[in-house]
Amino acid sequence: MRLTNYSDYALRSLIYLAVRPEPPLLANISDIADSYGISKSHLTKIIHQLGQLGYIESVRGKNGGIRLARAPKDINLGVLIKKIEPDFDLVECFATPANDKSSDGRQTGLPITLIDETTNNARGCVISPACQLKSVFFEALTAFINVLERYTLADIINNEDELASLLFR
């Protein structure tokens, strides 16, 4: 299992905002992009979606910027990843249900389902109807998501001073 850079950058952005000094100091996308050495244009899309999902709030104006919209203890990593990761199709016999997609096409519900073998779907492996491997992958992916759901942003910033010293030089 490998998460996309999109998810990685989203998590890094939330970490940055969580360890940033208390308001009135607001961050901007350039601050975050510069701290991590990542693309500002790519990060803009991520910050926009995090705002739409209610994780980040924007403050307009001369001294505007962005900040967390929720306390770190209220940001569950598993829930976040399920909302922003485009799919969890580890193998071709996995599918993300179409009705679990948000308006921008990103997943919002359960991470995966197995393709219904009775629909004569052209997608899939020839041994899929009898394959036992897909259930192993399904179990592994479910365990992966379950572990992420046990942690919040607060859990991964408990070394806040160390993180801040690396981010705000």
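Because the structure is predicted, anything quoted here is derived from the model rather than measured. (Residues numbered from 1 in each chain as written. Predicted model: local features only at pLDDT ≥ 70, side-chain atom pairs only at ≥ 80, totals over all residues. Heavy atoms only, no water.)

Draft legend 1. Focus on the overall build of the chain. Helix and strand counts for the chain come out as seven helices and four strands. Beginning at the N terminus, the succession of helices and strands in the chain can be written as α-α-α-β-β-α-β-β-α-α-α. Classification of the 169 residues of the chain by burial places 37% in the buried group. For the chain, the exposed surface amounts to about 9,900 Å²; the carbon and sulfur share of it is 53%. (Helix = DSSP H or I, 4+ residues; strand = E, 2+ residues; numbered from the N terminus. Buried < 20%, exposed > 50% of the residue type's maximum accessible area, 1.4 Å probe, protein only. Areas by Shrake-Rupley, 256 points an atom, 1.4 Å probe, with all protein chains shown as cover.)

Draft legend 2. Just the packing of helix α1 (residues 5-19) against helix α2 (residues 29-36), in detail. Contact pair α1 / α2: the axes reach a minimum separation of 10 Å and the direction vectors enclose 110°. Between α1 and α2, the angle falls in the class roughly perpendicular. Touching R12, S13, I15, Y16 and L17 of α1 are D31, I32, S35 and Y36, all from α2. (Axes fitted to C-alpha atoms, helices over the stretch in contact; angles between N-to-C directions. Parallel < 35°, antiparallel > 145°, perpendicular 65-115°, else oblique. Contact = heavy atoms within 4.5 Å.)

Draft legend 3. Summary view of the packing of aromatic side chains. Enumeration over the complete set of coordinates arrives at one aromatic pair. In this structure, R70 packs its charged tip against the face of Y55, placed 4.2 Å from the ring centre. (Phe/Tyr/Trp six-rings, centres within 6.5 Å; stacked < 30°, edge-to-face > 60°. Lys NZ or Arg CZ within 6 Å of the ring centre and 35° of its normal.)

Draft legend 4. Seen up close, the packing of α2 against helix α3 (residues 40-52). Contact geometry for α2 and α3: axes closest at 9 Å, N-to-C directions at 125°. Relative to α3, the element α2 lies oblique. Of the two elements, α2 crosses α3, and the hand of that crossing is right-handed. Between α2, through I29, S30, I32 and A33, and α3, the contact on the second element is made entirely by K40, L43, T44 and I47. Residue composition of the contact of α2 with α3, grouped by class: five nonpolar, two polar and one charged. (Left-handed = near helix turned anticlockwise from the far one by under 90°. Nonpolar A, V, L, I, M, F, W, Y, C, P; charged D, E, K, R; others polar.)

Draft legend 5. Structural detail: the nonpolar core. L14, L17, L43, I47, L50 and L153 are the most contacted members of the largest nonpolar core, which has 36 residues in total. The greatest single-element share of this core, amounting to 10 residues, is contributed by α1. Setting aside residues no more than four positions away along its own chain, L153 makes contact with L14, I15, A18, L68, P72, I75 and L77. (Core = buried A, V, L, I, M, F, W, Y, C linked by side-chain atoms within 4.5 Å.)

Draft legend 6. Inspection of the side chain of T152 at higher detail. Secondary-structure assignment places T152 in the loop between α5 (133-148) and α6 (153-156). With residues near it in sequence (within four places) discarded, T152 still touches P72, K73, I75, N76 and L77.

Draft legend 7. Expanded view of the pairing of strand β1 (residues 56-59). Bridge count between β1 and strand β2 (residues 65-68): four bridges; the pairing is antiparallel. Looking at the pairing, I56 lines up with L68 of β2. Here β1 folds back onto β2, and the loop between the two strands holds five residues, one of which, G61, carries a positive phi near 110°. (Pairing = 2+ DSSP bridges.)

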